[in-house]
Amino acid sequence: MEEKNISRLELGIQTYNWGKKGLDSEVSKYLISSGQIGRENIDANLSYAELWVGTHQKSPSLLSDGTPLSKFVRDHPEFLGDECIKKFGANLPFLLKVLSIGHPLQLQIHPTKEEAKELHKNNPAAFLDDNHKPEMAVALTPFTAMCGFRDPSEILSYALAIEELSQALGQAAIDVLQSQAKNEEKIKACYDAIFKTKRDFSDLQRRLISRLKADDKLYKEYLGDTFEKLYNAFPGDPGCFGLYILNVFKLIPGEAIWVPAGEIHAYVSGDCIEVLSCGDNVLFCGLVHPEDVAHFPPELTDPEILADIVNFSPNTKAKVTSCKDSDGNNCLEPPVDEFRLIQMKVEPNSTKNGSSVPSGSTLFIVDGTGVMSTENGKSHKVLPGQAFFVPAGLEFDIYSVEGAMVYRTTIGK
């Protein structure tokens, strides 16, 4: 049996067109600081959108000898731990990503595990795996996101105050909002009016952005900064009105939101760490460029499939409240089996212990430098942007002169 050691990882890179370009991207900065790519090799015209830490087939992390982490844990299942294997098989069930957002992402929805299995079985070309994709976004920089529907009373308040939104929704949807219908029926009426009618909203949006920019009070009261970002990236797209029917979150570094299956969401601006289950099934309902749609399988924007997946209930619990573990670390633990995130803060000129946990985990160095060591005498220098795999049951220490922040991902409790 191979001795348990911490393994340094080389990370997968995604260059989606919404990412920040060149050296403006947090992803490229991490690639440089970690030593994975030299500064001179960063392409100023390339969008460095995401870094992936995990085993997903689309972009698996590699060990220093080039072995995919997915193969390594299959060959050494004892490194995953009995609980992980019992629940998820010989796989890491979670994935950590760094996202650096240059312009808003698409409005998207992820299916439940049951829906994903059925979609994958019926159409594996469009739905590449049979897993769900619950996810949590943790702000690295000031971060704006839309997630889950507002309470219908909030949507109605915006509709009565913003003429352009009222016209976009139409009188029939507003009548439903003012009725005694169930919340889900009210929200579905708004969703159908915006996303299923295929109307051209260009003139309404032009009028609204002109009014907001001409009046500082209106701009602030009606989320002008967010609407402007959406409009500049996707003029005329129905999703530009999404901020008035979806919750808008503005997070400071370290704060997090939780996105379960069925919740419409979009990340608007900033940089974040995203932790999710090891799946990649997604459907899009708005904020999509026509040239991108041409490359999607049509099922990914099919309004009938979307209508079956969307959760039309108001979402009041997207914000994640941290708790403390036995070592005093902040932990972000959404209600999901696949993952939880431990925020390990190493104070300057001190050592932080990483307790052994009964399942395999990954580490991502958010900032700071130091030395990580284990009881068997093996050590690693740690730098921002580096990532490591820690076998189940292995304890480690991190010493730092300047201080450091390390994000540890393992399975949920």
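For the structure, check the block above.
Parameters at a glance
- Residues numbered from 1 in each chain as written.
- Predicted model: local features only at pLDDT ≥ 70, side-chain atom pairs only at ≥ 80, totals over all residues.
- Heavy atoms only, no water.
- Helix = DSSP H or I, 4+ residues; strand = E, 2+ residues; numbered from the N terminus.
- Expected span 1.5 Å × (residues − 1).
- Bend = angle between axes of the 7 residues up to and from the residue.
- Buried < 20%, exposed > 50% of the residue type's maximum accessible area, 1.4 Å probe, protein only.
- Contact = heavy atoms within 4.5 Å.
- Pairing = 2+ DSSP bridges.
- Patch = residues over 30% accessible without salt bridge, like charges linked within 9 Å, V, L, I, M, F, W, Y side chains within 5 Å.
- Areas by Shrake-Rupley, 256 points an atom, 1.4 Å probe, with all protein chains shown as cover.
- Salt bridge = Lys/Arg side-chain N within 4 Å of Asp/Glu carboxyl O.
- Lys, Arg positive; Asp, Glu negative; His and termini not counted.
- Charge placed at Lys NZ, Arg CZ, Asp CG, Glu CD.
- Axes fitted to C-alpha atoms, helices over the stretch in contact; angles between N-to-C directions.
- Parallel < 35°, antiparallel > 145°, perpendicular 65-115°, else oblique.
- Left-handed = near helix turned anticlockwise from the far one by under 90°.
- Nonpolar A, V, L, I, M, F, W, Y, C, P; charged D, E, K, R; others polar.
- Core = buried A, V, L, I, M, F, W, Y, C linked by side-chain atoms within 4.5 Å.
- Polar contact = N/O pair within 3.5 Å; in protein donor to acceptor, adjacent residues only side chain to side chain.
- Phe/Tyr/Trp six-rings, centres within 6.5 Å; stacked < 30°, edge-to-face > 60°.

Engineer: Can you break down helix 6 (residues 163-177) residue by residue, with the values?
Structural biologist: Taking 1.5 Å per residue, 15 residues should reach 21 Å; helix 6 reaches only 16 Å between its end C-alpha atoms and comes up short. Considering bend angle alone, the principal kink of helix 6 is centred on Gly170 and spans about 95 degrees. Among the residues making up helix 6, those that are buried are Glu164, Leu165, Ala168, Leu169, Gly170, Ala173, Ile174 and Leu177. Elements in contact with the buried residues of helix 6: helix 5 (152-161), helix 7 (183-196) and helix 8 (202-214).

Engineer: Describe the pairing of strand 7 (residues 135-139), with residues and values.
Structural biologist: In terms of residue burial, strand 7 counts as a mostly covered element, since five of its five residues are buried. Relative to strand 10 (residues 256-259), strand 7 runs antiparallel, the two sharing four bridges. From the neighbouring strand, Met136 faces strand 10, where its bridge partner is Trp258. Relative to strand 11 (residues 265-277), strand 7 is paired through five bridges, and the arrangement is antiparallel. Bridging from a neighbouring strand, Met136 pairs with Val275 of strand 11.

Engineer: Before we move on, could you go through a negative patch on the surface and cite the residues and values that matter?
Structural biologist: A cluster of acidic side chains, namely Asp327, Glu375, Glu395 and Asp397, defines a negative patch on the protein surface. For Glu375, the location among the structural elements is in the loop between strand 18 (370-374) and strand 19 (379-382). Among the residues examined, Glu375 registers a relative accessible area of 71% and is labelled exposed.

Engineer: Let's hear about the packing of helix 5 against helix 6: which residues, and what values?
Structural biologist: Following both chains from N to C, one finds helix 5 and helix 6 inclined at 130 degrees, their axes separated by 8 Å at the closest point. The orientation of helix 5 with respect to helix 6, classified from their angle, is oblique. Like other packed secondary-structure pairs, helix 5 and helix 6 cross with a definite hand, here left-handed. In this structure, helix 5 contributes Pro152, Ile155, Leu156, Tyr158, Ala159 and Ala161 to the contact, and helix 6 contributes Glu163, Leu165, Ser166, Leu169, Ile174 and Leu177. Grouping the amino acids of the contact of helix 5 with helix 6 by side-chain chemistry returns ten nonpolar, one polar and one charged.

Engineer: Any details on the packing of helix 8 against helix 10 (residues 224-233)? Residues and values, ideally.
Structural biologist: Their axes nearest at 10 Å, the elements helix 8 and helix 10 cross at an angle of 140 degrees. The orientation of helix 8 relative to helix 10 falls into the category oblique. In this structure, helix 8 crosses over helix 10, and the sense of that crossing is left-handed. In this structure, helix 8 uses Gln205, Arg206, Leu208, Ile209, Leu212 and Lys213 to contact helix 10, whose residues at the interface are Gly224, Phe227, Glu228 and Tyr231. When the residues that make up the contact of helix 8 with helix 10 are grouped by side-chain class, the tally is five nonpolar, two polar and three charged.

Engineer: How would you sum up the nonpolar core? Please name residues and give values.
Structural biologist: Counting residues in hydrophobic clusters, the biggest one holds 61 residues, and the most contacted among them are Met146, Leu169, Phe227, Phe241 and Tyr244. The dominant element in this core, judged by the number of residues it contributes, is helix 7, at seven residues. Every residue in contact with Tyr244, bar those within four places of it in the chain, is listed here: Arg150, Ile155, Tyr158, Ile162, Leu165, Leu208, Leu212, Tyr222 and Phe227. Counting residues in each nonpolar core, the second largest holds 40 residues, with Ile42, Phe72, Ala256 and Ile273 among its members.

Engineer: Break down the sheet that holds strand 18 for me, with residues and values.
Structural biologist: Spatial strand order, 16-21-18-19: four strands in an open sheet with antiparallel pairing. The open sheet has two edge strands with one neighbour each: strand 16 (350-354) and strand 19. For this sheet the average axis-to-axis angle between neighbouring strands, irrespective of direction, equals 20 degrees. Here four bridges tie strand 18 to strand 21 (residues 396-400), and the two strands are oriented antiparallel to one another. By the bridge assignment for strand 21, Val371 is matched with Tyr399.

Engineer: Lay out the environment of Val282 with the relevant residues and their values.
Structural biologist: Inspection of the secondary structure assignment puts Val282 in the loop between strand 11 and strand 12 (283-286). Along the backbone, Val282 and Asn330 are 48 residues apart, and their C-alpha atoms lie at a distance of 30 Å. Sequence-distant contacts of Val282, defined by excluding residues within four places in its chain, comprise Gln108, Ile109, His110 and Leu300.

Engineer: Tell me about the environment of Glu338, and name the residues and values.
Structural biologist: Residue position: Glu338 is located in the loop between strand 14 (330-332) and strand 15 (340-346). For Glu338, a relative accessible area of 4% translates into the label buried. Between the C-alpha atoms of Glu338 and Leu95, which are 243 residues apart in sequence, the distance is 9.3 Å. Polar side-chain contacts of Glu338 include one of 2.7 Å to the side chain of His132.

Engineer: So what's going on with the pairing of strand 20 (residues 387-390)? Residues and values would help.
Structural biologist: In strand 20, alternate side chains face the same way, and those of Ala387 and Phe389 on one face and Phe388 and Val390 on the other are all buried. Here strand 17 (residues 361-368) pairs with strand 20 via four bridges, running antiparallel. Bridged to Ser361 within strand 20 is Val390.

Engineer: Residue-level account of the packing of aromatic side chains, with values.
Structural biologist: For the coordinates displayed, the defined rule picks out 15 aromatic pairs. For the pair Phe227 and Tyr231, a centre-to-centre distance of 6.2 Å together with 10 degrees between the ring planes defines the contact as stacked. Remark: Tyr231 and Phe227 occur in helix 10; sequence separation between them is four residues, near one turn of the helix. Ring geometry for Phe227 versus Tyr244: centroids 6.4 Å apart, planes at 25 degrees, classification stacked. Of this pair, Phe227 sits in helix 10 while Tyr244 sits in the loop between helix 10 and strand 9 (246-251), and the two are 17 residues apart along the sequence. Taken as a pair, Phe227 and Tyr244 share a single burial class, namely buried. Here the aromatic cluster, defined as three or more aromatic residues joined through ring pairs, consists of Tyr158, Phe201, Tyr222, Phe227, Tyr231, Phe241 and Tyr244.

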